[in-house]
Amino acid sequence: MTTATEGLRVVDASRHMAGAMTGMMFADNGSDVIKLEAPAGDPTRVHDGFKVWNRGKRSIVVDLKDPAERQSFEDLVATADVFINDFRRGVAEALAVDHAVLAAINPRIISIVITGFGEHGPLKDLPGYEHIVAAKTGRMASMNGYRSGPIFTPTPIASYGAAMLATQGALAALHQRSGSGTGQRVHTSLLHALSSFDMISGFGHRTHEVDKTGRVFGVMPLAFMTAKTSDDRFIQMCSRQPHLFRNWLRVMDLEYLTTEPGLGTMPDLLPSVEELERVRQILAKAMGQKTFDEWLEIFLREDVGGDPFLSAEEYLRHPQATSNGRSTTVQSDSVGTSLQIGQLALLSETPSQIGVGEPALGEHTADVLASLPAELAALVPAAGGANSGPPLAGVTILEVGYFYAAPFAMTLLTQLGARVIKVEPPAGDPARRNWSTPYDKETVGKESIVVDMKSPDGLKIVHELAATADIFLHNFRPGVPERLGIGYEQLHAINPRLVYVYGGCFGSHGPWAKRPGFHSSPNAIGGSGIIEAGEGNPPINRTYADPAGALACGTAAMLGLAARERTGLGQYVETTMLSSMACTVSRWSIQYEGKAPGPLPDHGQHGFHALQRLYQSADGWIYLQAEGDGAWQRFVDELGLGGLRDDTRFATAEARAEHDEALIDILTESFTSADAATWEQRLLAVRVPAVRADGIDFGTFMLTSEQSQANALSVPAVLPDGREFWRSSGSVEFSDSATVLGKPEPLGTSTAKILREIGYSDVAIADLEARGVTKPVGNGLED
C-alpha cells in the first residue's frame, strides 16, 4: 500500500532527538531514510531513545572530514530529496555540508537545519541542548515544583516540538518544490518550538490579568486541580468547559456553589484570590472523601473530566493506546522485540509502516554506496524555477476546532501561507474565554466566520466551504461530527480530495474515546506527570499536551496533504494529544527484555545526575550539563578540582554514576563560591555547557528578550482598536520563501466577506445574521 512520503530519500546527519525524530517521521511514512554517521557513531546510541527515533532507517558511515570519502557523500546528496542536520553553528560550513554546497550538487534538495537558540541574537552560539535552552529561557525558573527555585524539566518538549516544526517545514518546502522544481533551506530551533509551547504569554490572557472588576482567573487551580483521593492516590482533573465543571460539582454535591455571590462564572472568573482559595479547598476536601477507583467510575458515568496518572510504560499497554494503534512492536538486532510508540498520525489510505528497528552502525554502508552509480545514471535532470511566495500559498483549510491543541496546528500552517477559515459558533471558540482582548494566540492569522452549524442554513454554509477546501479540521468527540453533519463520510461525498483531520485527545476508538479531554489528560495518562514530578514525589500537572497535540496535528495535516499529491485523493487523518505526549516521553516508554527503567529527576527536582543538574550559586542558580569525558575533564580543571580525575570514584562515567551522591556533595559546595553569571562565563569559555537558570520569567523572555525578538519569535502587533503589543510568533524559516505574520481578528469579522465569496448576496447575508445563523454573540466574560 502507498505511504505518504514513499519515494523520497532523506539523508539524516543529525545527532540529537529533534533531528532524529524528524527523520523518524519520514521513515515511518515510507521514505528511504539514510542515517549518515561518523566512524564513532551517533553519540545518542547509548540512550534508549535512539532505538525509537532511528527505527526504519539505514545506517552508513562516511567520514565527512576525509577527502577520500567526499565523492561518496556527494553522490548520496545527488540522489536525496531532504538533508537533515543539527550541527552547531559553523560546523556544517566547516564540513562543507551547508545548503549552498548541497544545492550546488542537487538544486532540488531541501536542507533542514535545527539549532538550539535560533540563528540570530546574543545567544545564538550557546550549546543547543534541550535543558540548556529550558534553563536559559527561564522555563525552569517559571515551573512549579516541590521546592523553591528553578525546577528541572525532564520532558524534552522543545526537541519534540522542533522535530514537528522541521517535518512541517520540510513537507511544505517539498510541496512548493512540486511546482517550482527547486529546493531550499528550512530552519527551525528548539527556541522556536518553545514559542509554540508558550500558551499564555501575550496581551490579555486572563492567567496573569485581573479584569476591570477585580475578578481572578480560576481555571488552572480549579478545573485542572491535581486532586488527592481518600486512598492517597491522585486524579488529574480536566473539567474546563462550564458544563463539565458543573458535572463535577454535581457529583460532589457542591453544585450550590454556583449560586453564591460572584461564583456563577466559575471556573473562569471568581471575585477574588481569597474566594478562589476558599473554593479550591472545598473541592479538594470533597475529592478526599472517596477512593481513586470510586471517583473514576463516577466520572466515566457522569461525563466528568478526570484522569489517572500512568507511567510512560503503562500507557503503551493501555487499551486506549492499543485500540488506536498508538503502540507497536519493533524488531531489531540489538534488543530483539521491543514495544514502542506507534504511528503519530493514522492515515486511512496511506498508513504508516513501522516494524523494523534501528540499524547497527554502518550496517548498510556497502549496499547504499554500491547502489549509487545506477541511481545517478537514472537521474533525469529537471529544470527548476524560483520559489516565490509562501510555501502553502493556495492551500485552504476549513477549521471547526476549539481551544488550542487542534486550532493552533492550523495557526502554524497560516505562517507557512495557508488560508485558514475558522468556523466559530455564535459564542465563539471557547478558547476566547481565556483572553480579555480580541487577540488569542490560536486564532491569529485566521478568517473568523460565525456559523450556527446546528441550523440547516449554517450546515449548508459549512458544506459549501468544504466543497473547495483542501484540509478540514475538527476536534469534537466521536459521534458529534456525524450528528452535526460534518463527519468524514459526509464531507468526503462532497469533496473526495479533502484531507479530513481529526485532532482529538483520546482517539476515535477504545474505552475512553468519548471522554472529555484537555491538556492535563495526556500529561497524566502518557507518563509525563510522573516523570516531571521527580523521584518519590506526587505526580504533577503540566500544560504540555495542548501544544504537543497542536504540533502533531499540524504534522498530520501536512502528511495528508503530501499523500494527496501522490494519490490525488483525500483521506481521513487522525492524531491525538495522547500520542503526541507519548512521543515526547518515547525514551522512557520503550520496553524490551532487560531494559533498565528510564531516568527520573531526583526528589528535589534538580536533575538526572551530578553532571546534568541544577546547583545553587552564591547568588542564584546554575544549570550544568557536563556529559562526556572531555567535558568532565575541562569542568573539573576549571573548578580547580583536577584531583577528581585521579579519584577512582570518578575516573570513568560508570564510576561517576555509582558515586553520584558523593559528586553532588562536592559540586554543591564548589558552586557556592561564585555567582551564577561568573560560573556561566567561566564554564562556557572552556566549552562546558552551563547557564544561569534564574533571573528571568519564561513568558517575559519569550516576549521581550533580545533573543526572541531577533529571531522573530516575538513580533509587534496591533489590536483592532489601535492598542499596540508584542505577541508570540515563529515556527519555521525558509531561505527562499516568505512566511506570513497574521493579525488577530475579532469573532465573526470575516463572515460577510466569506459568504460573498461563495455566492451569497448582501440581502441573504443580512437575513442570516438577523435569524441568528451568523450573528456573533460572544461569551459573556467581557470586562
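Residues numbered from 1 in each chain as written. Predicted model: local features only at pLDDT ≥ 70, side-chain atom pairs only at ≥ 80, totals over all residues. Heavy atoms only, no water.

## Describing the overall build of the protein
Right, on to step 1. Helix and strand content of the protein: 32 helices and 27 strands.
Right, on to step 2. The C-alpha radius of gyration computed for the protein amounts to 26 Å, which stays within 12% of the reference 28 Å derived for 783 residues, consistent with globular compactness.
Right, on to step 3. Dimensions of the protein, computed from the C-alpha atoms along their principal axes, are close to 75 × 65 × 50 Å.
Right, on to step 4. Within the protein, the proportion of its 783 residues that are buried is 61%.
Right, on to step 5. In the protein, once contacts between residues fewer than 6 apart in sequence are set aside, the share between residues at least 24 apart is 75%.
Right, on to step 6. With an accessible surface of roughly 28,100 Å², the protein has 53% of that area assigned to carbon and sulfur atoms.
Right, on to step 7. Here the protein contributes 67 positively and 93 negatively charged side chains, and the mean placements of these two sets differ by 3 Å. (Helix = DSSP H or I, 4+ residues; strand = E, 2+ residues; numbered from the N terminus. Rg over C-alpha atoms; globule rule 2.2 N^0.38 Å. Buried < 20%, exposed > 50% of the residue type's maximum accessible area, 1.4 Å probe, protein only. Contact = heavy atoms within 4.5 Å. Areas by Shrake-Rupley, 256 points an atom, 1.4 Å probe, with all protein chains shown as cover. Lys, Arg positive; Asp, Glu negative; His and termini not counted. Charge placed at Lys NZ, Arg CZ, Asp CG, Glu CD.)

## Looking at the packing of aromatic side chains
Aromatic ring pairs are reported here in terms of the distance separating the ring centres and the angle at which the planes meet.
Right, on to step 1. A complete count under the given rule lists 17 aromatic pairs for this structure.
Right, on to step 2. Every member of this aromatic cluster is reached through a ring pair, and the members are Phe152, Trp588, Phe608 and Tyr623.
Right, on to step 3. Above the plane of the ring of Tyr615 lies Arg613, whose end atom (NZ or CZ) is 4.9 Å from the centre. (Phe/Tyr/Trp six-rings, centres within 6.5 Å; stacked < 30°, edge-to-face > 60°. Lys NZ or Arg CZ within 6 Å of the ring centre and 35° of its normal.)

## Some thoughts on the sheet that holds strand E9 (residues 234-237)
Right, on to step 1. Spatial ordering of the open sheet is given by E8-E9-E11, a layout of 3 strands whose pairing is antiparallel. Looking at the sheet topology across the chains shown, the edges are occupied by strand E8 (226-228) and strand E11 (306-308). On average, adjacent strands in this sheet sit at an angle of 35 degrees to one another, irrespective of strand direction.
Right, on to step 2. The pairing of E8 with E9 spans 3 bridges and is antiparallel. Across the sheet, residue Lys228 finds its bridge partner in E9, namely Phe234.
Right, on to step 3. Sheet strands touched by helix H12 (residues 292-302): E9 and E11. Its angle to E9, the strand with the most contacts, is close to 30 degrees. (Pairing = 2+ DSSP bridges. Axes fitted to C-alpha atoms, helices over the stretch in contact; angles between N-to-C directions.)

## Some thoughts on the environment of Arg756
Right, on to step 1. Note that Arg756 resides in helix H31 (residues 751-757).
Right, on to step 2. Aside from chain neighbours lying at most four places away, what touches Arg756 is Asp762 and Ile765.

## Some words on the packing of helix H3 (residues 70-78) against helix H15 (residues 365-378)
Helix-helix packing is described using two parameters, namely the angle between the two axes and the distance between the axes.
Right, on to step 1. The interhelical angle for the contact between H3 and H15, taken along N-to-C directions, is 55 degrees, at an axis separation of 10 Å. Overall, the two elements H3 and H15 adopt an arrangement that is oblique. Considering only the axes of H3 and H15, their crossing is left-handed. The segment H3 lies against H15, with Ser72, Asp75, Leu76 and Ala78 engaging Val368, Leu369, Leu372 and Leu376.
Right, on to step 2. Tallied by class, residues from the contact of H3 with H15 come to 6 nonpolar, 1 polar and 1 charged. (Parallel < 35°, antiparallel > 145°, perpendicular 65-115°, else oblique. Left-handed = near helix turned anticlockwise from the far one by under 90°. Nonpolar A, V, L, I, M, F, W, Y, C, P; charged D, E, K, R; others polar.)

## Quick look at the packing of helix H1 (residues 17-28) against helix H7 (residues 157-180)
Right, on to step 1. Relative orientation of the contacting elements H1 and H7 amounts to 50 degrees, with a least axis distance of 8 Å. As judged from the angle between their axes, H1 and H7 are oblique. Of the two elements, H1 crosses H7, and the hand of that crossing is right-handed. When H1 is examined against H7, the residues Met17, Ala18, Met21, Thr22, Met25 and Phe26 are found in contact with a partner set consisting of Ser159, Tyr160, Ala162, Ala163, Met164, Ala166, Thr167, Ala170, Leu171 and Leu174.
Right, on to step 2. Taken together, the residues that form the contact of H1 with H7 break down as 13 nonpolar, 3 polar and no charged.

## Things to note about the nonpolar core
Right, on to step 1. Among the nonpolar cores identified, the biggest contains 119 residues, and Met21, Ile112, Tyr160, Leu392 and Leu413 are the most heavily contacted of them.
Right, on to step 2. With near-sequence residues (within four places) excluded, Leu392 lies in contact with Ala172, His175, Leu413, Leu416, Gly417, Ala418, Met558 and Leu561. (Core = buried A, V, L, I, M, F, W, Y, C linked by side-chain atoms within 4.5 Å.)

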